[in-house]
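Structural features, examined
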Amino acid sequence: MRWKGRRGSDNVEDRRSVRGPAVAGGGIIGIVIVIIVIVMGGDPAPLLQQMQQNQPAQQGAPGRIDPAQDELAQMVSVVLADTEEVWSELLRENGNQYRDPKLILFRDSVRSACGFQNAATGPFYCPLDEQVYIDLSFFDDMKSQLGAPGDFAQAYVVAHEVGHHVQKILGTNERVHNRQRQVSKEEANQLSVRLELQADFYAGVWAHHAQQNWRILEEGDVEEALRAATAIGDDRLQKQSRGYVVPESFTHGTSEQRARWFVRGLKGGNVNDGDTFSIPYSQL
């Protein structure tokens, strides 16, 4: 992927030199209250969650940033800048205003408005603070464990998370989560699949317009993205971990679906062609 020599985003916050939260906030008073709740036969989980969200974390000792990741961090910053330009223009054409998300680079673990997460979660978007979180070591795992190397595969991951931010701006995220609270677990999972496939489509839309604007694609780039989309399909991941698949538990879509919706966005580039919610589930 051609990205060198172009501007990076001003919306990247690098927290890699700070160890993740070691102890949840609350102090000794909070601990005493939790003990009292347990002794009285109550459930301490809601209190612990509130303490975690409302109190600052005690940070571990500063860690050393791996210099081998410097170029990768620069690439991610350029991709984020590209998404800012593409989505600002596309949403303006549709009568909406784009808000640039912030991208947080972290190492091992991080606290977001959506709660404490560790690197095993993988890249994620938090709609509560409108921030994308990425531990760059995930890209090493994509190469070594998932067989999906390459800078455009990595760009696809960033663009997918930004796609969730677009859903937040358009109100899709809120509508889906409100609906999920009203339906069965299986139906809620299906809504999650629709949300994820649309984010894959939006990643393809970004790639379409980035190619038009900056000619970013090199030979083999599309194949890199498709390998990445295929590698993180629910069916493939479940087959690897369990030896069998449970379609009712899918939350992100199959490998084939994820690759197909990305390609659909890449080929057409039309935001309005990505309505994954009006199609019968069996035809996604």
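Residues numbered from 1 in each chain as written. Predicted model: local features only at pLDDT ≥ 70, side-chain atom pairs only at ≥ 80, totals over all residues. Heavy atoms only, no water.

The name given to the chain in an unreviewed UniProt entry is Putative neutral zinc metallopeptidase, with Symmachiella macrocystis as the source organism. Heading Subcellular location (unreviewed entry) of the UniProt record for the chain holds this comment: "Membrane". (UniProt positions renumbered as here; feature names shortened; annotations may be inferred.)

1. Some points on the environment of Y156
Along the chain, the position of Y156 falls in helix α5 (residues 151–170). Since its relative accessible area comes to 1%, Y156 is described here as buried. Sequence separation of Y156 and A225 is 69 residues, and the distance between their C-alpha atoms is 6.0 Å. The contacts of Y156, once residues within four sequence positions are left out, are D200, A203, A225, A228, A229, I232, R258 and F262. (Helix = DSSP H or I, 4+ residues; strand = E, 2+ residues; numbered from the N terminus. Buried < 20%, exposed > 50% of the residue type's maximum accessible area, 1.4 Å probe, protein only. Contact = heavy atoms within 4.5 Å.)

2. Quick notes on helix α4 (residues 137–144)
Among all positions of α4, only F138, F139 and M142 are buried. Buried residues along α4 cover an arc of 100° about the axis, so they all sit on one side. Exposed side chains of α4 directed beyond 90 degrees from the buried face belong to K143 and S144. The inward-facing, buried residues of α4 contact α3 (70–93), β8 (131–135), α5 and α8 (221–231). (Arc of directions from axis to C-beta.)

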